[in-house]
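Topology and contacts: notes
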Amino acid sequence: MKRTKISDLLKSPAFGTTVTVMGWVRTRRGSKAVSFIALNDGSTINNIQIVADLAKFDEELMKDITTGACLSVEGLLVESVGSGQAAEIQATRIDVLGTCDNTYPLQKKGHSMEFLREVAHLRPRTNTFGAVFRIRHHMAMAIHTFFHEKGFYYFHAPLITASDCEGAGQMFQVTTMNLYDLKKNEDGSIDYSDDFFGRQTSLTVSGQLEGELAATALGAIYTFGPTFRAENSNTPRHLAEFWMIEPEMAFYDLDDLTELEEEFIKYCVRWALDHCADDLAFLNKMVDPGLLERLNHVVETPFVRLPYTEGIRILEEAIKGGHKFEFPVYWGCDLASEHERFLVEHHFKAPVIMTDYPKEIKAFYMKQNADGKTVQGTDVLFPQIGEIIGGSVREENYDKLMARIEELHIPMKDMWWYLDTRRYGTCPHAGFGLGFERLLLFVTGMQNIRDVIPFPRTPGNASF
Ligand code: 4AD
Ligand code: MG
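Each chain carries its own residue numbering, running from 1 in the written order of its sequence. Here chains are named by letter from A upward and ligands by number from 1 upward, in the order in which they appear as written. Two thresholds apply to this predicted model, a pLDDT of at least 70 for residue-level local features and 80 or more for giving and counting side-chain atom pairs, whereas whole-chain, interface and lining totals are computed over all residues. The basis for every side-chain value is the complete set of heavy atoms in the structure, and neither hydrogens nor water enter the calculation.

All right, on to the nonpolar core then. Residues grouped as a nonpolar core are buried Ala, Val, Leu, Ile, Met, Phe, Trp, Tyr and Cys residues, joined through side-chain atoms within 4.5 Å. Think of it in three bands: with a 1.4 Å probe and only protein chains considered, a residue is buried below 20% of the maximum accessible area for its type, exposed above 50%, and partly exposed in between. Ile 48 and Met 139 are the most contacted members of the largest nonpolar core, which totals 88 residues. For this core, the leading source of residues is helix 4 (residues 127-149), giving eleven residues. Counting the residues that make up this core, at least three belong to each of domain 1 (6-98) and domain 2 (124-170 + 205-451). Counting residues in each nonpolar core, the second largest holds 19 residues, with Tyr 308, Phe 325, Val 329 and Ala 350 among its members. Helix and strand assignments come from DSSP, with helices taken as H or I runs of at least 4 residues and strands as E runs of at least 2, each series counted from the N terminus. Boundaries between domains were set according to an automatic or database domain assignment.

See below:
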């Protein structure tokens, strides 16, 4: 008999019909006469209760129905009286598809997140991680739908690259060379001419530079793919492999850019509220009691536009008023997350889009303002998370961009193709990067970025 997914079955239960469900045993309880089995098939956070009259089933079979075992159950779908569920199944036939002995690590409820990371291969079977990964899927759909409906093209930037977009030099090298026997140049440096690509290459930190090429041809594009950063940041907000969404738009100025950033995030959060109600209700109950309120608040609240200089003034005022920060505040400093969170959570009580940063603390490609000191960079700062988006208007003037590249000693040989956009029909344009896992941290209320990606890569950890 054809299997029905539990999500479909609970949506509009056809009471009185015979159904077949397949899934994994979450719990089993009962008496000598009857067993109640909570079965979950991953299609929803909700289990279906299986009622097994023990007089009808073989004792040996029932022994195999343990936590974690995989079952196929045929039975009559009936209205449930007790279980807090609308429907339950009175089993007429049970097949054990896969047994599960008592070494199964997910025996009881309430494991710590740290423990569950050690069994990341099994943690999707817990309620919490099932919810997180279903939400992760829905957020990806939200992102594609948002941009598709706006007429943006999904563009694929390469993962292997010979240039360093952010200029931060925190890249993972890609090589097929024999590391035990490296060919050297006369000056002792490594000779890459025999390497696979005939030159030094790395995993990309951002698809932006290629995204700019595409935006100056297709008008508006977005990338959505993995990016890699070898920064040794062991924090709850950093991964060595994370997913980034990078839209890039021709003919956008700073106002257009910040407007899109706000519209985009609100669309995604609203999508979660509309499509992930059961999973969010679970996370709100079990993980973060402020979650739903925070999500609704962000959807309804206008984001604050705040020039960096004004932000520094507010922080300096706070210090004068007696507020203590760990890190110093002065014009030109890179804001620490305590500063960002003060502005967002304490001062404005709203997401903040900070703009017009000192050029020294931002990347070479950002559009320079007339004051000679600041650039049209934007960071979107979120409650709990800090920076969720980084973006900018791009410097489209060839000479100004070159001057900045020279000032920063960026190797030109890797950049000629990028500079061609400024030589051939240059145009005003802008774009941003949203960290997918930072968005998921916000939407799920999870506390650690390692818990919103299936298999996290962090310093010292590439298991699974
Ligand atoms: O601010 P970032 O470094 O900006 C760029 O890479 C630009 N090229 C984007 C663009 O304009 N197209 O990174 C963008 C976002 C950050 O705001 C953050 O959300 C996320 O990427 N991010 C990380 N997420 C997880 N782990 C890390 N190590 C991250 N580094 C950045
Ligand atoms: Mg940034």
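The next point concerns the site of ligand 1. Put simply, a residue is near a molecule or strand once any heavy atom of it comes within 4 Å of that molecule or strand. Near ligand 1 you find 25 residues, and of these Glu 166, Gln 208, Glu 231, Glu 246 and Glu 387 are the closest. Polar contact is defined as a pair of N or O atoms within 3.5 Å, subject to the rule that within protein one atom must be able to donate a hydrogen and the other to accept it, and that residues adjacent in sequence are counted only when both atoms are side-chain atoms. One of the side-chain nitrogen or oxygen atoms of Glu 246 is found 2.7 Å away from a nitrogen atom of ligand 1. Here an oxygen atom of ligand 1 sits 2.9 Å away from a polar atom, N or O, in the side chain of Arg 394. Note that accessible areas follow from Shrake-Rupley with a 1.4 Å probe, and for residues the cover is restricted to the protein chains shown. Here ligand 1 loses 93% of its free accessible area of 630 Å² to cover by the protein chains. Taken together, the elements giving at least two residues each to the shell around ligand 1 come down to strand 11 (241-250), strand 15 (386-393) and strand 16 (429-435). Tallying contributions element by element places strand 15 first for the shell around ligand 1, with five residues. Classifying every residue of the shell around ligand 1 by side-chain character gives nine nonpolar, eight polar and eight charged. We call Asp, Glu, Lys and Arg charged. Ala, Val, Leu, Ile, Met, Phe, Trp, Tyr, Cys and Pro are nonpolar, and the rest, Gly among them, are polar.

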